[in-house]
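For reference, the chains in residue letters:
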Amino acid sequence: MSHPLFDISGRTALVTGSSRGIGRALARGLAEAGCTVVLNGRDAGRLDEAAAGLPGVVHTAVFDVTDGASVAAGIADVEERVGPLDILVNNAGMQLRAPLLQFTEGDWHRILDTNLTSAFLVGREAARRMTERGHGKIINICSLQSEVVRPGIAPYAAAKGALKMLTKGMCADWGPCGVQVNGLGPGYIETELTRPLVADEEFSAWVRRRTPAGRWGRTGDLVGGVLFLASPASDFVNGQILYVDGGMTSVL
């Protein structure tokens, strides 16, 4: 029997960017823990496909997390159609790799809008309601790159570093109202999006060497962290980033 501190059955959770990859894995973990899960993305067909593969009660919500009006309407619709949100996982993100001298202004804004602004917009709309109710859990999916960076991904690291500080800022503003806001920082995780990197033998060997655990992470490695941060077990944990990176941020 699991400890009651980790019981989140019956809670309602929204996971942004959850039609595939890390978002879908986190949504699956929350569904398996007994949550009513709402998947979010821009492609209704892909969301329906992802929902069909998850256990329990799963809903979908099609809205653009980078557009304020779309987010406001989307969150209002979810709360009306599904119920009050107890848990928000800000997972939507993207990566573009290019030398910084060649990085275009348009791509810079795409990276910041998707990885940072979306968390502000969705977090703000969810928190309007959570703070009124006096409880809620917001989990921002940060990154190893919230701390360290490699060549070619400076804008992504800038966005994820800012997301770490936005997490702390949300904690400062909303903590007094009973809302805990924390971050989960994945290391190098094998997903559809990172498959080319996994297939690159030189890069994969570097990841294994640099990671005390000696391997790439799997999406399932992130589920325990999100369940902890979504549960009453973390009621006095606020403004923290939990790195799930096999130890990479701890070693040189």
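Visitor: Mind showing me how you'd approach the overall build of the protein here?
Guide: On a plain count of helices and strands, the protein comes out with eight helices and nine strands. The principal-axis extent of the C-alpha atoms belonging to the protein is close to 50 × 45 × 40 Å. Residue burial in the protein is summarised as follows: out of 252 residues, 48% are buried. Restricting the contact set of the protein to residue pairs at least 6 apart, pairs at least 24 apart contribute 70%.

Visitor: What's the story with the sheet that holds strand β3 (residues 58-62) in this structure? I'm lost.
Guide: Through backbone hydrogen bonds, the strands of a sheet pair up, either in parallel or in antiparallel fashion. Strand order across the open sheet formed by seven strands is β3-β2-β1-β4-β5-β6-β9, with parallel pairing between neighbours. This sheet does not close on itself; its edge strands, each paired only once, are β3 and β9 (241-244). On average, each strand axis in the sheet is inclined to that of its neighbour by 20 degrees, with strand direction left out of account. Packed on one face of the sheet, helix α3 (residues 68-81) meets β1 (12-15), β2 (36-41) and β3 and runs near 155 degrees to β3.

Visitor: In this structure, what is going on with α3? I would like to understand it.
Guide: Three or four residues apart is the spacing at which side chains of an α-helix point the same way, because the helix has 3.6 residues per turn. With 14 residues, α3 should cover 20 Å at 1.5 Å per step; its first-to-last C-alpha distance of 20 Å lies within 8% of that length. For α3, the full list of buried residues reads Ser70, Val71, Gly74, Ile75, Val78 and Glu79. For α3, the arc enclosing every buried residue in end-on projection is 155 degrees, short of the 170-degree limit, so these residues lie on one face. Exposed residues lying more than 90 degrees from the buried face of α3 are Ala69 and Glu80. Structurally, α3 contributes buried residues whose contacts are with β1, β2, β3 and α4 (105-133). Once α3 finishes, Gly83 follows within two positions and takes phi at roughly 135 degrees, a positive value.

Visitor: I keep staring at helix α1 (residues 21-32) and nothing clicks. Help me out?
Guide: Compared with the 16 Å implied by 1.5 Å per residue over 12 residues, the 17 Å span of α1 between its first and last C-alpha is a close match. A large share of α1 lies buried, amounting to nine of its 12 residues. Looking only at α1, the buried set comprises Gly21, Ile22, Gly23, Ala25, Leu26, Ala27, Gly29, Leu30 and Ala31. Positioned one or two residues after α1, Gly34 has a phi angle of 100 degrees, which is positive.

Visitor: Got a minute to help me understand the nonpolar core in this structure?
Guide: It is characteristic of soluble globular proteins that their nonpolar side chains tend to be buried jointly. Leu30, Leu39, Val89, Ile139 and Leu184 are the most contacted members of the largest nonpolar core, which totals 27 residues. Looking at this core, the elements that each hand over two or more residues are β1, α1, β2, α2 (44-52), β4 (87-90), β5 (136-141) and α8 (223-230). It is α1 that contributes the most residues to this core, five residues altogether. Discounting chain neighbours no more than four positions away, the residues touching Leu30 are Ile8, Ala13, Val15, Cys35, Val37, Val89, Leu227 and Ala230. Counting 22 residues, the second largest nonpolar core, distinct from the first, contains Ala127, Ile138, Met170 and Val179.

Visitor: It is not clear to me how the environment of Met248 should be interpreted in this structure. Could you clarify?
Guide: Tracing the sequence through the fold places Met248 in the segment after β9. Linking Met248 and Gly224, residues 24 residues apart in sequence, is a C-alpha distance of 18 Å. With residues near it in sequence (within four places) discarded, Met248 still touches Leu144, Tyr188, Trp206, Val207, Arg210, Thr211 and Pro212.

Visitor: Sorry if this is basic, but what is going on with the layout of surface pockets here?
Guide: To find leftover empty space, one rolls a probe the size of a water molecule over the atoms. A volume near 1400 Å³ is recorded for the largest pocket. As for the largest pocket, its lining consists of 48 residues, of which Ala92, Gly93, Met94, Gln95 and Leu193 are closest to the centre. Listing elements by their share of the lining of the largest pocket, those giving two or more residues are α1, β2, α2, α4 and α5 (154-174). The greatest single-element share of the lining of the largest pocket, amounting to four residues, is contributed by α4. For the lining of the largest pocket, the residue count by class is 18 nonpolar, 19 polar and 11 charged.

How each quantity is defined
Residues numbered from 1 in each chain as written. Predicted model: local features only at pLDDT ≥ 70, side-chain atom pairs only at ≥ 80, totals over all residues. Heavy atoms only, no water. Helix = DSSP H or I, 4+ residues; strand = E, 2+ residues; numbered from the N terminus. Buried < 20%, exposed > 50% of the residue type's maximum accessible area, 1.4 Å probe, protein only. Contact = heavy atoms within 4.5 Å. Pairing = 2+ DSSP bridges. Axes fitted to C-alpha atoms, helices over the stretch in contact; angles between N-to-C directions. Expected span 1.5 Å × (residues − 1). Arc of directions from axis to C-beta. Core = buried A, V, L, I, M, F, W, Y, C linked by side-chain atoms within 4.5 Å. 1 Å grid on protein atoms, 1.4 Å probe; cavity = no way out; pocket = protein on both sides within 12 Å on 5 of 7 lines; lining within 4 Å. Points joined across faces, edges and corners; volume = space filled by probe spheres on them. Nonpolar A, V, L, I, M, F, W, Y, C, P; charged D, E, K, R; others polar.

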